[in-house]
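A structural walkthrough
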Amino acid sequence: MSRYWSSLVEKLDPYVPGEQPRLQNLVKLNTNEHPYGPSPKVIAAITAQANDSLRLYPDPTAQVLRQAIATRFELTPEQVFVGNGSDEVLAHVFQALLKHMAPLVFPDITYSFYPVYCGLYQIDYRAIPLDATFAIRTEDYLGDGAAPVGGIIFPNPNAPTGCVLPLADIERIVAANPDVVVVIDEAYVDFGAQTAASLIGRYTNLLVVQTLSKSRSLAGLRVGFALGHPELIQGLDRVKNSFNSYPLDRLAQAGATAAIEDEAYFDQTRHAVIRSRETLTAALVQLGFEVLPSQANFVFTRHPAIAGEALAAALRARSIIVRHFQHARISDYLRITVGTDPQCQLLLAACREILGQI
Ligand code: PMP
């Protein structure tokens, strides 16, 4: 509290990012980073840009990067918006496209930044409960006319559950809500789900948001993007150019372009994570864990014999950090990022030891 704060700042309930520990040798499975480093071509591209040109501002339109993304998704650069991580892209999306008279809707269990943006931009929202299996019920988003909706957003796969909504259901939701923007946050889509980008040509109200932080191993570079009809992209540009004209620096634009263009490395590393997820899931089930079906680079799991918070603390005591959320419906669960196979083995050995001591 400070008497210098605005009343808005006083009322904010900011997002709490997962811990980025200073300690070495921790097995870090708490913020869904990729266990493998970025493509060598990304490092080469960034290194090549680390020169005198850094005295000049970067391209404010990130034209080369937007073209690379457009090519990959068979779109045009006018259908692409880029920003400093998808969190920044999402912030602009909330302000530009989701702030209306009627409340924005999203699931009760979802990315916990959504209510934070609503607080920052003073957007009214309604949280729709996931069903008992933690799945999104498509019917809840088809607009029965009873309650007006100002916009819809959810991740696919959802976070922190990892559960997927099939593309056909996403299309039903987009088609049923032509008067509002439907945002699909695809932060984890490359680990097993289908992107909705293929629907963009047919629906002017669909916005797909992706990030290079997860499947491209670039959480440290801060690059995210949105795909949608040029009208939606222009709305985002208006907010961006009223906030920070140069959100992506020269190194980020070069590295991100190289990452998008290196399909072979992308496929190789994301499939390695998918394989590790399947092995980890089977081993956790063997130990008595209940694991939700995940198509992401994390698993959401609980064990009947130990509370989520206690298990997280016991793992931490063994130098393994995972994520626990203080939300009533999911307080038994832990979200565990899929690491390398040796990291998964360390996790499993620690779980075995902890469960053996109960
Ligand atoms: N969306 C979801 C669902 C996420 O889990 C995250 C990562 N915390 C993001 C968006 C933001 O990722 P970034 O800002 O690193 O692109």
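Conventions we followed
Residues numbered from 1 in each chain as written. Predicted model: local features only at pLDDT ≥ 70, side-chain atom pairs only at ≥ 80, totals over all residues. Heavy atoms only, no water. Helix = DSSP H or I, 4+ residues; strand = E, 2+ residues; numbered from the N terminus. Buried < 20%, exposed > 50% of the residue type's maximum accessible area, 1.4 Å probe, protein only. Arc of directions from axis to C-beta. Contact = heavy atoms within 4.5 Å. Near = heavy atom within 4 Å. Polar contact = N/O pair within 3.5 Å; in protein donor to acceptor, adjacent residues only side chain to side chain. Areas by Shrake-Rupley, 256 points an atom, 1.4 Å probe, with all protein chains shown as cover. Pairing = 2+ DSSP bridges. Right-handed = clockwise from strand over helix to strand, strands pointing away. Axes fitted to C-alpha atoms, helices over the stretch in contact; angles between N-to-C directions. Left-handed = near helix turned anticlockwise from the far one by under 90°. Nonpolar A, V, L, I, M, F, W, Y, C, P; charged D, E, K, R; others polar. Domains from an automatic or database assignment. Buried area = accessible area lost by both parts, 1.4 Å probe.

1. Details of unusual backbone geometry
Note that the residue after Asn156, namely Pro157, is joined by a cis bond; omega there is -5°. On the secondary structure map, Pro157 appears in the loop between strand S5 (151-155) and helix H6 (167-176). A cis geometry characterises the amide bond from Ala159 onward to Pro160, with omega recorded as 5°. Residue position: Pro160 is located in the loop between S5 and H6. Here Ala62, not a glycine, exhibits a phi torsion of approximately 45°, which is positive. Inspection of the secondary structure assignment puts Ala62 in the loop between helix H2 (40-49) and helix H3 (63-72).

2. Some remarks on helix H7 (residues 230-240)
All of the buried residues in H7 are Leu232, Ile233, Gly235, Leu236, Val239 and Lys240. Down the axis, H7 shows its buried residues gathered within 155° of arc, on one side only. Residues of H7 that are exposed and point over 90 degrees away from its buried face: Glu231 and Arg238. Looking at the buried residues of H7, the elements they touch are strand S2 (80-83), helix H4 (85-97), strand S7 (206-211) and strand S8 (224-228).

3. Concerning the site of the ligand
Near the ligand, the surroundings consist of 13 residues, among which Ser86, Asp185, Tyr188, Thr211 and Ser213 are the closest. Within the backbone of Asp87, a nitrogen or oxygen atom sits 3.0 Å from an oxygen atom of the ligand. Measuring from an oxygen atom of the ligand, one finds a side-chain N or O atom of Tyr188 at 2.7 Å. Surface burial for the ligand is 92%, taken as the share of its 400 Å² of free accessible area covered by protein chains. With four residues, H4 is the largest single contributor of residues to the shell around the ligand.

4. Focus on the pairing of strand S6 (residues 182-185)
What you see with S6 is no split at all: Val182 and Ile184 on one side and Val183 and Asp185 on the other are buried throughout. The pairing of S5 with S6 spans four bridges and is classified as parallel. Note on S6: the bridge partner recorded for Pro155 is Asp185. The β-α-β motif built from S5, the intervening H6 and the parallel element S6 has right-handed crossover chirality. Relative to S7, S6 runs parallel, the two sharing four bridges. Looking at the pairing, Val183 lines up with Leu207 of S7.

5. Some remarks on the packing of helix H10 (residues 308-317) against helix H11 (residues 341-356)
Running from N to C, H10 and H11 cross one another at 115°; their axes reach a closest spacing of 10 Å. In the packing of H10 onto H11, the handedness of the crossing is right-handed. Touching Leu311, Ala314 and Leu315 of H10 are Leu347, Ala350, Cys351 and Ile354, all from H11. Looking at the contact of H10 with H11 residue by residue, the classes come out as seven nonpolar, no polar and no charged.

6. What to know about the domain arrangement of the protein
Segmenting the protein into domains produces domain 1 (7-37 + 264-356) and domain 2 (40-263). Of note, the centres of domain 1 and domain 2, computed from C-alpha atoms alone, are 24 Å apart. Taken together, the contacts link 33 residues of domain 1 with 36 residues of domain 2. Roughly 2,800 Å² is buried in total at the junction of domain 1 and domain 2, and carbon and sulfur atoms are behind 63% of that figure. The three residues of domain 1 that bury the most area against domain 2 are Tyr15, Phe266 and Arg329, which together make up 27% of that side's buried surface.

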